[in-house]
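# Per-entry structural report
These are the residues of each chain, in order.
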Amino acid sequence: MKIFDIAPVKYLDGKMLILDQTRLPGEEIYIEMETKEDVWDAIYKLQVRGAPAIGVAAAYGLYVAVRDLPEDNLFAFGKALHEAADYLVGARPTAVNLAWALKRMTDKYDGLELTDLLAGADISNPNPVKAAKDILFAEAEAIRIEDEEACRAMGEHGLTLLEPGMGILTHCNAGTIATAKYGTCLAPIYLGHEKGYDFKVFADETRPLLQGARLTSWELHKSGIDVTLICDNMASIVMRNGWIQAVVTGCDRMAANGDGANKIGTSGVAILAKEYGIPFYMYVPTSTIDLDTPTGAEIKIEERDGEEIYKMWYEKPMAPEGVKTYNPAFDVTPAEYITAVVTEKGIVRPPYKENLAKLFEGDK
Ligand code: MRU
């Protein structure tokens, strides 16, 4: 079975299922999301994580939140839909895909005309609420399918930046389980591997939650790709050894000026890459670009429980109880360190303010 067949979120036989990523690499277990509270918790606890996968989970999660509501009152249905979206958006603040997917779902509902709600209905007994539910489900499916297509396209564009035999460093996990399929920055690695490109990938372990160790090295190893796991503080030495020809990462929110928030530690890797003259490529589907946020300074950075740093992964605490901690989950890589931004619409180079905006020309 290919790694791509392991979807982080799926809706099968009337059930929303997520792969519990906190149990990887030891166990591949799907859990059912039955309520909006289940979905909120799963996003907050990182059982589903990675910006695009969070967006997909939020879209299906919003459908789950309303699918069993009574079908006799369209007004009450619309109110409940908006309340559920307002609730889910609070699960995590940094990845814009969460807010983006929820807004896309509520916009879809708000834009419906009576004719949409009656189309295909039993005319003797039309049910606009049922029709709205079906339309919302179809929108969640579309979000998932479009993300899959975007990742595939990013993989194809990104592969033009890479050459066979290259050493590639990555941070965190922007692979297939962080998206609908293929991943963002791991997509070109998978496509290159299929063409026999024999990349040598170095995966930062990515403390404190170890997405690089638990998820990226698991994905790549399972796919037969040459992957070497390193601690975060080893990035400099592998660059200095001449083993890295490109750095690739994902992104959680890119501001209009090209500053990109991604997993904590990404900015340090980008600064090192510049020092060593290594190109740094950030993979950013347009769903992750937030033109309403002018610069990285305005991106809200999630802070998480300090116990994640010294307790969560250990049998005994690795620091004295009660020690002060600081645990930001993301940092912002300034645009000047990003050699190119890979999107599904093509590769964007500086100046980012002008060139990112061009991606959206013609959109409503
Ligand atoms: O806290 P996480 O695991 O959700 O953080 C994920 C990342 O930072 C990824 O690099 C980013 O979401 C891009 S995923 C394609």
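Going by the structure above, here's the rest.
This write-up is about the structure you can find in this document. (Residues numbered from 1 in each chain as written. Predicted model: local features only at pLDDT ≥ 70, side-chain atom pairs only at ≥ 80, totals over all residues. Heavy atoms only, no water.)

## Regarding the pattern of salt bridges
To keep things clear, this is the line we draw: When a carboxyl oxygen of Asp or Glu is within 4 Å of a side-chain nitrogen of Lys or Arg, the pair counts as a salt bridge. Comment: elements are numbered from the N terminus, with helices defined as DSSP H or I runs of at least four residues and strands as E runs of at least two. Only protein chains enter the area calculation, which uses a 1.4 Å probe; residues under 20% of their type maximum are buried, those over 50% are exposed, and those in between are partly exposed.
This structure, assessed with the given rule, holds 21 salt bridges. When the shortest N-O distance is used, the salt bridge between Asp 134 and Lys 130 registers 3.1 Å. Linking Asp 134 with Lys 130, this pair stays in helix α6 (residues 128-159), spanning 4 residues, or about one helical turn. Looking at Asp 134, the relative accessible area reads 41%, which means it is partly exposed.

## Notes on helix α8 (residues 211-222)
What counts, and what does not: Given the number of residues in a helix, its expected span is that number minus one, multiplied by 1.5 Å. Every residue pair with non-hydrogen atoms within 4.5 Å of one another is taken to be in contact.
The end-to-end C-alpha distance of α8, which contains 12 residues, comes to 15 Å, matching closely the 16 Å that a straight helix rising 1.5 Å per residue would cover. α8 sits mainly inside the fold: 10 of its 12 residues count as buried. Here α8 has its buried residues at Gln 211, Gly 212, Ala 213, Arg 214, Leu 215, Thr 216, Ser 217, Trp 218, Glu 219 and Leu 220. The elements touched by buried residues of α8 are β4 (167-170), α7 (187-194), β5 (200-204), β6 (226-230) and β9 (260-263). Gly 224 sits one or two positions beyond α8 and adopts a positive phi of about 80 degrees.

## Focus on empty space enclosed by the protein
Threshold: Using a grid of 1 Å spacing that covers the protein atoms alone, one calls a set of points a cavity when a 1.4 Å probe fits there but cannot get out, and a pocket when the set is open and has protein on both sides within 12 Å along at least five of seven lines; lining residues are those with an atom within 4 Å of a point. Grid points are joined across faces, edges and corners, and a volume is the space filled by probe spheres set on the points. Under the convention adopted here, Pro, Cys and the residues Ala, Val, Leu, Ile, Met, Phe, Trp and Tyr are nonpolar, Asp, Glu, Lys and Arg are charged, and Gly plus all remaining residues are polar. In this entry, domain limits derive from an automatic or database-based domain assignment.
Under the counting rule described, the total for this entry stands at 2 cavities of 30 Å³ or more. Here the largest cavity defines a volume of roughly 160 Å³. Residue assignment for the lining of the largest cavity shows that the elements contributing at least two residues are α2 (51-67) and β9. Of the residues in the lining of the largest cavity, the class split is 8 nonpolar, 8 polar and 4 charged. Residues lining the lining of the largest cavity come from more than one domain, with at least three contributed by each of domain 1 (3-151) and domain 2 (161-358). A volume near 40 Å³ is recorded for the second largest cavity. Surrounding the second largest cavity, Arg 207, Pro 208, Leu 209, Gln 211, Lys 263, Ile 264, Arg 304, Glu 308, Asn 327 and Ala 329 form its lining. Taken together, the residues of the lining of the second largest cavity break down into 4 nonpolar, 2 polar and 4 charged.

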